[in-house]
Amino acid sequence: MRHPTEADRERLRQALRSNLLLFLFGLGVLGFLVAIDRAEWFSLKPATGTSVSMHHAATGHPGQTPEASAAR
């Protein structure tokens, strides 16, 4: 059985590292392409009842949800 030399081990380490970096780059590109297709992920929405109330007070349409005003 042949024992790998230090040069062989270093070459294998570099090949594994480059493959891992290429894989991570591909995942990053895929994530970017999915994210730009879904613009609604980047819209800010009120998270609590208090912030929803403040949002309704700021819009000037009491008793009306933002979805109903957007449907007009």
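How each quantity is defined
- Residues numbered from 1 in each chain as written.
- Predicted model: local features only at pLDDT ≥ 70, side-chain atom pairs only at ≥ 80, totals over all residues.
- Heavy atoms only, no water.
- Helix = DSSP H or I, 4+ residues; strand = E, 2+ residues; numbered from the N terminus.
- Buried < 20%, exposed > 50% of the residue type's maximum accessible area, 1.4 Å probe, protein only.
- Areas by Shrake-Rupley, 256 points an atom, 1.4 Å probe, with all protein chains shown as cover.
- Salt bridge = Lys/Arg side-chain N within 4 Å of Asp/Glu carboxyl O.
- pLDDT = per-residue confidence, 0-100.
- Patch = residues over 30% accessible without salt bridge, like charges linked within 9 Å, V, L, I, M, F, W, Y side chains within 5 Å.

S.K.: What is the right way to look at the overall build of the chain in this model?
M.R.: Scanning the chain from terminus to terminus reveals three helices and zero strands. In the chain, the succession of α and β elements from N to C terminus is α-α-α. Looking at the chain as a whole, 3% of its 72 residues qualify as buried. Approximately 6600 Å² of the chain is accessible, and the part contributed by carbon and sulfur atoms is 67%.

S.K.: Explain the pattern of salt bridges here, please?
M.R.: Side-chain pairs of opposite charge can arise whenever the charged atoms involved come near each other. Counted by the stated rule, this structure contains five salt bridges. Two residues, Arg2 and Asp8, come together in a salt bridge whose shortest N-O distance is 3.0 Å. Residue Arg2 is classed as exposed on the basis of its relative accessible area, which comes to 66%. Here Arg9 and Glu6 are joined by a salt bridge, their closest N and O atoms 3.4 Å apart. Of this pair, Arg9 and Glu6 both sit in helix α1 (residues 6–37), three residues apart, roughly one helical turn. Through salt bridges with shared partners, a single ionic network connects Glu6, Arg9, Glu10 and Arg13.

S.K.: Would you explain the confidence of the model for the chain in this entry?
M.R.: A low pLDDT means the predicted coordinates there should not be read in detail. Residue-level pLDDT values for the chain average 81, and 76% of them are 70 or greater. Within the chain, no element has a lower average pLDDT than helix α3 (residues 66–70), which sits at 58, and none a higher one than α1, at 95.

S.K.: What should I look at first to understand a nonpolar patch on the surface in this one?
M.R.: Taken together, the side chains of Leu20, Leu21, Phe23, Leu24, Leu27, Leu30, Val34, Trp41 and Phe42 present a nonpolar region at the surface, about 960 Å² in accessible area. Secondary-structure assignment places Leu30 in helix α1.

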